[in-house]
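The residues making up each chain are set out below.
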Amino acid sequence: MDNRIHFFSHIDVIPQKVAPELLGIRGRQANEFAELGFPILPGFILDTEIASEIDPSAIKKDVNTLLDKCAGIVGKHYGDENNPMLLKVVISPNLAVTTYPTLHNFGLVKPTIKGFGNWVGEDFAVHEVLFLVRGMLKIEERIKELEAKPKEQEEIASRLKSLDRLLGIAGPSNELGKKPKAGETKITRTAVEYMDEYAKYFPKGFFDTAEGQILITLDEISKMLQMDDQNDQDTALLIQPMVYGNYGKDSCSGDFFSRNVVTGEKRLQGQFFRGKFNEIGAAGQDIGKIDAAYLKQLQKIAWTLEDKFKEIRQIRFTVEKGKLWLIEQRLVDQKSTQSDIKLLLDLASRKIVDNAYVVKAIDPLRLNEILHPIINTPSIKGFKSWKGGIAGAPGAAIGRVYFSTDTLLEARKLAHQKGEDDRFILVAVSSFAEDVKAIEVSTGVLTAEGGYSAHASVVARQYGKVSLVAPDLKIKGTKASLGSFNFSEGDYITINVPFYGESTVYLGTAELIEPDPKESGLLDFIALSKGFLKKFHVRANADTPRDAALALSFGADGIGLCRTEHMFFKAERINVFREMLLSTSKKDRDKALAKLQVMQRDDFYGILKAMAGKEVTIRLLDSPLHEFMPHNDDELKAYLDYMAKVKKVKVSKAEVLASIEALHEFNPMLGHRGCRIAVSYPEIYAMQVKAVFEAAYKLRSEKVDVHPEIMVPIVMNSSELKLIAYGKKIEGSSYTGIVDIEEELRKAKKAKYVEYQIGTMIELPAAALGAGDIAKYGRFFSFGTNDLTQTTLGISRDDFTAFMPDYTLFDLIVGNPFSTLDPRVKELIALAVERGRLTRPDLVCGLCGEHGANPENVRFCMGAGLNYVSSSPYSVPIALLAVAQAEIEKTEEAASK
């Protein structure tokens, strides 16, 4: 036996002394299955040292000997006229990417075709002959191209086109009889007639004998490889018998996944087809219903492959005359994050992999997918619907449809005023920069043009919204249609964009099933990831007890940002806040502040209690005061009605408008906001501080461990923080700081001292540069990177999308600076940390905002010496995983040195 030819089977493994690269990629895969003892079809490999220089006469004896060995295992003989064994030849380079054709059905020659047809049917036999011809014509076409014989190459190319049309009509036997399209021809000849027709394109005797056919084939392929630049003497040839799921009784074919690719349930998912060669045109049955003996074999194969490759695998098999054969297995591209997590946790529980492997295996951003809601199927029964489209961003969304940004934003304002449902879906032909605001506040977006990379899809993914591109969408005025499915502006629709499968638009309001973090394996995965965290941790941005509890369940170690202004925008509070701002006497203002204090106290009580034992950073009022004022006639009327009915006070509309005008600012984001409000209206911050400590004292009395941190926003120098934290007395006036407010309140309440911290938000370049002085009066810094990015680069987060496409076109800016930190912003952060710790070595530093959920930013923060990042509750798992992966990398790098 030539030592360049290697036999394999489920009991014959190619020796380890044979270099793997000699076998080609498919040869290596086949031998791996042999090593596992799987029921693979036997075969042999002509390795890379012989494949390009085959001498048919020299290998004839070896080929016949090995084909006899295959026959002994398969139960059919090559060249047998009654029950022929057929072969496939795989041209197998060492690279996964190849342009070589599929070559099947060798052994179909004039003496064997009748016997083969008796088993599978004459029509199917004809199809297989044509498929054999098609593969070999591809080889001959390439040879003519390499020999520079354009006329002969063009003739073969023409025959291939007509053959493709013919096969496209026929398909396998179960598709024969399909009515041909205009200009196309249906298969009408016998297999032998087709052999005679195409014989002239192949070496003489190609259809005469099975032995001659395989030797001719190997010779032609070798000739092609000798001339082909694509082959760098690194291509092997793999020869294996073929089996058929339609070959007599007790035969079937199937295709399945080693577990459910959506839920991750450890149960085979797929179908099998009784008496069919493959799934084309066939009605399949669930793989779980296959005969028990086969199911047991398939489960063993599937789960052995999972353990070996440490991932979900897709497996094709054939049962021929009661004998099961593994045909192919490969990785699965289309699978959910949940399924991968469930697999990895399963592997870890059985010690197949360690915890570090599990944590490193999942890209942090993939966790976004596992947190999307899905539709409760029974709730859409009877709904009108349209199916199809291109998924832009997965998930399920419900809302009233509006066909422009202006109409959607106006409808949203009205909904807020009336306390109505504020779920909306933007429907448009396509979206542009000016539509970003609508997408940001909507639940989803439906467009007619674009695809996965279209503007609407990209923006939707950025903001965690659902996006679907429906080419059938037609909009006319205030009406729209999707095929025969019609809806009008203001109607409710439900969009369902699954990660896998067909998307659907429903007319009406479905019920949504919120993600189940426990069932999905996410909570177990988070716990496993947190095991790798050291000093650096992740907090959450949360403004309600519900958000705090959610963040805690997702692994947050405290709250890094509680935005108190959000609490005032609630419908039952906004007019009380307006009353306080518009009061003309101290007495009236104090009354309103007292009401607000109770509201805030209850808020802080719930949040601190939910985060018992962990730090809660409470940012004092930051928004400009004009944001709280009535913005239109309806809001103004609601305020006037409140004052008249609730307060029994008649307020002049003109007076209110004058007060609103007095608060107007040309650039409010850099105007009277944050700590500047506290300087002008110290009673607002005093109310908030009292509310914090009233909640803290109450919880302390209930034996609840609390750690409030009071954060002063948008300071530009140390004097501001010093004033607000410690107060100041000047001739004829004084300012009571946080420290004095707490002490006075504690004495009045006869409460026990609660440890707390005062710090500031670094969100101005001036604050970053002056961090050394600011650290004298603050025990922690929190970097507000949205505003720090705006004030450093001089661009608005809300408006930059108008010109960003132009800047991207000319490479004037890299990426989105509101997603990935700009290098100059990073420099300011690093500088502030360094200068702050020169003053206060134990200074705690964190970053809040959605920048904190970007893995790239997380790594920067760890390297810059920050203590934590803080992000929205749903982004906490992403940040945690990024931190864990960075810690693992550091440990591995240290171990390798």
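Provided above is the structure to which this section pertains.
Just so you know, these numbers come straight off a predicted model, no measurement behind them. (Residues numbered from 1 in each chain as written. Predicted model: local features only at pLDDT ≥ 70, side-chain atom pairs only at ≥ 80, totals over all residues. Heavy atoms only, no water.)

On to the pattern of salt bridges. Side-chain pairing between opposite charges can occur once the charged atoms of the two side chains come close. The full count for this structure, using the stated rule, is 52 salt bridges. Residue Arg189 pairs with Glu197 through a salt bridge whose shortest N-O separation is 2.3 Å. Between Lys266 and Asp346 there is a salt bridge; the shortest N-O distance is 3.2 Å. With Lys266 in the loop between strand E8 (252-257) and strand E9 (269-274) and Asp346 in helix H9 (residues 337-349), this pair connects stretches of sequence that are 80 residues apart. Judged by its relative accessible area of 15%, Asp346 falls in the buried class. Within this structure, Arg259, Lys266, Glu306, Asp307, Asp346 and Arg350 form a network of salt bridges that share partners. (Salt bridge = Lys/Arg side-chain N within 4 Å of Asp/Glu carboxyl O. Helix = DSSP H or I, 4+ residues; strand = E, 2+ residues; numbered from the N terminus. Buried < 20%, exposed > 50% of the residue type's maximum accessible area, 1.4 Å probe, protein only.)

What follows concerns a negative patch on the surface. A surface patch of like charges, here negative, comprises Asp406, Glu410, Asp633 and Asp634. Where the negative patch is concerned, the elements lending two or more residues are helix H11 (405-418) and helix H19 (633-645). Secondary-structure assignment places Glu410 in helix H11. (Patch = residues over 30% accessible without salt bridge, like charges linked within 9 Å, V, L, I, M, F, W, Y side chains within 5 Å. Areas by Shrake-Rupley, 256 points an atom, 1.4 Å probe, with all protein chains shown as cover. Lys, Arg positive; Asp, Glu negative; His and termini not counted. Charge placed at Lys NZ, Arg CZ, Asp CG, Glu CD.)

For the rest of this paragraph, the subject is the nonpolar core. Of all hydrophobic cores here, the largest spans 134 residues; its most connected members are Leu621, Ile738, Phe781, Phe783, Ile829 and Leu866. In this structure, Leu66, Cys70, Tyr78 and Leu167 belong to the second largest nonpolar core, which totals 69 residues. (Core = buried A, V, L, I, M, F, W, Y, C linked by side-chain atoms within 4.5 Å.)

It is generally the case that most residues other than glycine have a negative phi and that most peptide bonds are trans. Located in the positive-phi region is Asn105, a residue other than glycine, with phi close to 75 degrees. Topologically, Asn105 is positioned in strand E6 (residues 103-106). Accessibility expressed as a relative area gives 0% for Asn105, which makes it buried. Positive phi, close to 55 degrees, is recorded for Asp811, a residue that is not glycine.

A few words now on the pairing of strand E19 (residues 466-469). A two-sided burial pattern is seen for E19, the buried positions comprising Val466 and Leu468 on one face and Ser467 and Val469 on the other. With three bridges joining them, strand E15 (residues 390-393) and E19 adopt antiparallel strand pairing. Across the sheet, residue Ala391 finds its bridge partner in E19, namely Leu468. Relative to E19, strand E18 (residues 444-447) is paired through four bridges, and the arrangement is parallel. Bridge pairing links Leu446 to Leu468 in E19. (Pairing = 2+ DSSP bridges.)

Okay, the sheet that holds strand E11 (residues 313-320) next. Spatial strand order, E10-E9-E8-E11-E12: five strands in an open sheet with antiparallel pairing. With one partner strand each, in any of the chains shown, strand E10 (285-286) and strand E12 (323-331) form the two edges of the open sheet. In this structure, E8 lies alongside E11, joined through six bridges in antiparallel fashion. The residue bridging Ser253 from the neighbouring strand is Thr318, located in E11.

These figures come from the coordinates and say nothing about function on their own.
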